[in-house]
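The lines below spell out each chain.
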Amino acid sequence: MSASTIVHPAGQGTDADGVLEVRDLAKHFPKGDQDLVALREFSITVRPGQFLVLLGRSGCGKSTLLNLMAGLTRPTSGQILYRGTALSGPSTEIGYLTQHDTLMPWRDVTRNVEMPRELRGEGKRSRREEAQRLIELVGLGGFEHHFPRELSGGMRRRASLARMLAADPETLLLDEPFGALDAQLRTELQGELLRLWQGTGRTVVFVTHDIEEALLLADRVVVLGPVGSVLLDVDVDLQRPRDPDEVRVDPRFVALHKSLSVALKEGAR
Ligand SMILES: Nc1ncnc2c1ncn2[C@@H]1O[C@H](COP(=O)(O)OP(=O)(O)OP(=O)(O)O)[C@@H](O)[C@H]1O
């Protein structure tokens, strides 16, 4: 790891004024006489404008955490503050791209993407124009009038991304958004996401289990272990823009890759 890489103590941010403040969060799922603990005493401060990547193996509680941060589920104990106010349900300021498909099956791509603006009462012409721009942005030009059942899994994912962006949220929660895409498209959409984030002040919380994706995107990576334990919390000080071919041979990238890989392996023990 480079000398300039900042390693935070587990679960701590460096800035008191977080956009998202997660405090001592726990989530249990009772099942019969059993009590499954998905998250235990998890705390994190997400700073405004930060691109935070949560990296962890399958089942460590990443989606459970994002569901809580989106206000879709209630914690068993602990608290989430959004801009200083306790989160008690979904907020229009927070966009969430879930792992599961939530497109409306009876609406075509355009009508799905324009939905958040329609709900806000925006006129048809301007919301259609914006929908079209976002459909092109995610590479779905030509599929405007296809229904979700007529799209591939990766295309549905991109339509969902466009719909989330149509709402223009200030904070984006993304649960493995590019996992199902081919390598080329993945690289393109990672680039688009960075363009959408950089210089806008938006905050991004991005879940992946791919170390390379984490290092290409993040300015901070938190590695999660079982029940959401924080195994490592590092700032990624690699220069932007990060060309995938060039950054892979940067000694700092190599060192960070190794640290993240070791942390993930240790968490699996
Ligand atoms: N609604 C639920 N009811 C019962 N158990 C659940 C529920 N949601 C999650 N869990 C359990 O909580 C744990 C964490 O699940 P979660 O989906 O958050 O993991 P994850 O890190 O997102 O995994 P993946 O990378 O595979 O998506 C798992 O043991 C899972 O079985």
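Residues numbered from 1 in each chain as written. Predicted model: local features only at pLDDT ≥ 70, side-chain atom pairs only at ≥ 80, totals over all residues. Heavy atoms only, no water.

**Student:** Any chance you could break down the domain arrangement of the protein for me, citing the residues and the numbers?
**Tutor:** Looking at the protein, the domain boundaries give domain 1 (1-93 + 170-269) and domain 2 (104-168). The distance between the C-alpha centroids of domain 1 and domain 2 comes to 26 Å. Taken together, the contacts link 14 residues of domain 1 with 9 residues of domain 2. Summing both partners gives a buried area of about 1,000 Å² for domain 1 against domain 2, and 66% of it is carried by carbon and sulfur. (Domains from an automatic or database assignment. Contact = heavy atoms within 4.5 Å. Buried area = accessible area lost by both parts, 1.4 Å probe.)

**Student:** Summarise helix H4 (residues 124-137); cite the residues concerned and give the values.
**Tutor:** Under the 1.5 Å per step criterion, the end-to-end length of H4 is 20 Å for 14 residues, consistent within 8% with the ideal 20 Å. Those residues of H4 hidden inside the fold are in contact with helix H2 (109-113), helix H3 (115-119) and helix H5 (153-166). In the segment just after H4, glycine 139 is the residue with positive phi, at about 75°. (Helix = DSSP H or I, 4+ residues; strand = E, 2+ residues; numbered from the N terminus. Expected span 1.5 Å × (residues − 1).)

**Student:** Give me the pairing of strand E3 (residues 51-56): which residues, what numbers.
**Tutor:** Counting buried positions along E3 gives 6 out of 6 residues, so the element sits mostly inside the fold. By the bridge criterion, 5 bridges tie E3 to strand E8 (residues 203-208) in an arrangement that is parallel. Counted as the bridge partner of valine 53 is phenylalanine 206 from E8. Bridge analysis of E3 against strand E9 (residues 220-224) gives 5 bridges, and the strand direction is parallel. (Buried < 20%, exposed > 50% of the residue type's maximum accessible area, 1.4 Å probe, protein only. Pairing = 2+ DSSP bridges.)

**Student:** Would you mind going over the UniProt feature "domain: ABC transporter" (unreviewed entry) in the protein in detail, with residue names and values included?
**Tutor:** Feature annotation in UniProt assigns "domain: ABC transporter" (unreviewed entry) to the following positions: residues 20-251. The span residues 20-251 is 31% helix and 28% strand, and its two end C-alpha atoms sit 32 Å from each other. (UniProt positions renumbered as here; feature names shortened; annotations may be inferred.)

**Student:** An account of the sheet that holds E8 is needed here, citing residue identities and associated values.
**Tutor:** The sheet built from 6 strands is open, its strands ordered E6-E7-E8-E3-E9-E10 with mixed pairing. For this open sheet the edge positions go to strand E6 (94-97) and strand E10 (230-235), each flanked by a neighbour on one side alone. Geometrically, the sheet is characterised by an average inter-axis angle of 15° between neighbouring strands, direction not taken into account. Against the sheet, helix H6 (residues 183-197) contacts E3, strand E7 (171-175) and E8, and its axis sits at roughly 140° relative to E3. Sheet strands in contact with helix H9 (residues 251-268) are E3, E9 and E10, and its direction is about 165° off that of E10. (Axes fitted to C-alpha atoms, helices over the stretch in contact; angles between N-to-C directions.)

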